[in-house]
Amino acid sequence: QVQLVESGGGLVQAGGSLRLSCAASGGTFSSFAMGWFRQAPGKEREFVAAITWSGSSTYHADSVKGRFPISRDNRKNTMYLQMNSLKPEDTAVYYCAADPSYVKVRLTPRYWGQGTQVTVSS
């Protein structure tokens, strides 16, 4: 059973930066595609970004493209989301996700973290 734990959330002013981390355990991290999702108050959970098992390919939602690069370090079993130029509309709970499939990790991941709150003040 894969366990995912997010960290790095917090309160930041608009225009600032945060880096989220997702630490994985209980499985072979390098065999999983990984992703980030977010859920704002009163809204459905939405896809943010995904990365292949090797890190050779990434995919970002249009809303964060160019601002939130996703990366991973397989030696540390950790995935990252560097959040730059933050906007108030980026306020949400951010979830880490994992799936053996790079397609499914963007749609219906098998494993989820518990989430970390990101709040961007104007």
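The structure we're discussing is the one just above.
In what follows, the accompanying structure is described. (Residues numbered from 1 in each chain as written. Predicted model: local features only at pLDDT ≥ 70, side-chain atom pairs only at ≥ 80, totals over all residues. Heavy atoms only, no water.)

Description of unusual backbone geometry
Only a minority of non-glycine residues have a phi that is not negative, and only a minority of peptide bonds are not trans. Non-glycine residue asparagine 77 carries a positive phi angle of around 55°. Its location among the elements puts asparagine 77 in the loop between β7 (70-73) and β8 (78-83). The backbone phi angle of serine 85 is positive, close to 50°, even though this residue is not glycine. Take serine 85: it is sitting in the loop between β8 and β9 (92-99). (Helix = DSSP H or I, 4+ residues; strand = E, 2+ residues; numbered from the N terminus.)

A short note on the pattern of salt bridges
The final tally for this structure, using the stated rule, is 5 salt bridges. With a shortest N-O distance of 3.0 Å, aspartate 62 and lysine 65 are connected by a salt bridge. Classification of aspartate 62 as exposed rests on a relative accessible area of 68%. Each of Arg38, Glu46, Arg67 and Asp90 takes part in a single network of salt bridges with overlapping partners. (Salt bridge = Lys/Arg side-chain N within 4 Å of Asp/Glu carboxyl O. Buried < 20%, exposed > 50% of the residue type's maximum accessible area, 1.4 Å probe, protein only.)

Thoughts on the side chain of glutamate 6
Relative to the assigned elements, glutamate 6 resides in strand β1 (residues 3-7). Buried within the structure, glutamate 6 lacks any salt-bridge partner; its nearest side chain of opposite charge belongs to arginine 45, at an N-O separation of 7.8 Å. Polar contacts involving the side chain of glutamate 6 include one to the main-chain amide nitrogen of cysteine 96, which spans 2.7 Å. Only 3.1 Å separates the side chain of glutamate 6 from the backbone nitrogen of glutamine 114, close enough to count as a polar contact. Contacts of glutamate 6, omitting those with residues within four sequence positions, involve Ser21, Cys22, Trp36, Tyr94, Tyr95, Cys96, Gly113, Gln114, Gly115 and Thr116. (Lys, Arg positive; Asp, Glu negative; His and termini not counted. Polar contact = N/O pair within 3.5 Å; in protein donor to acceptor, adjacent residues only side chain to side chain. Contact = heavy atoms within 4.5 Å.)

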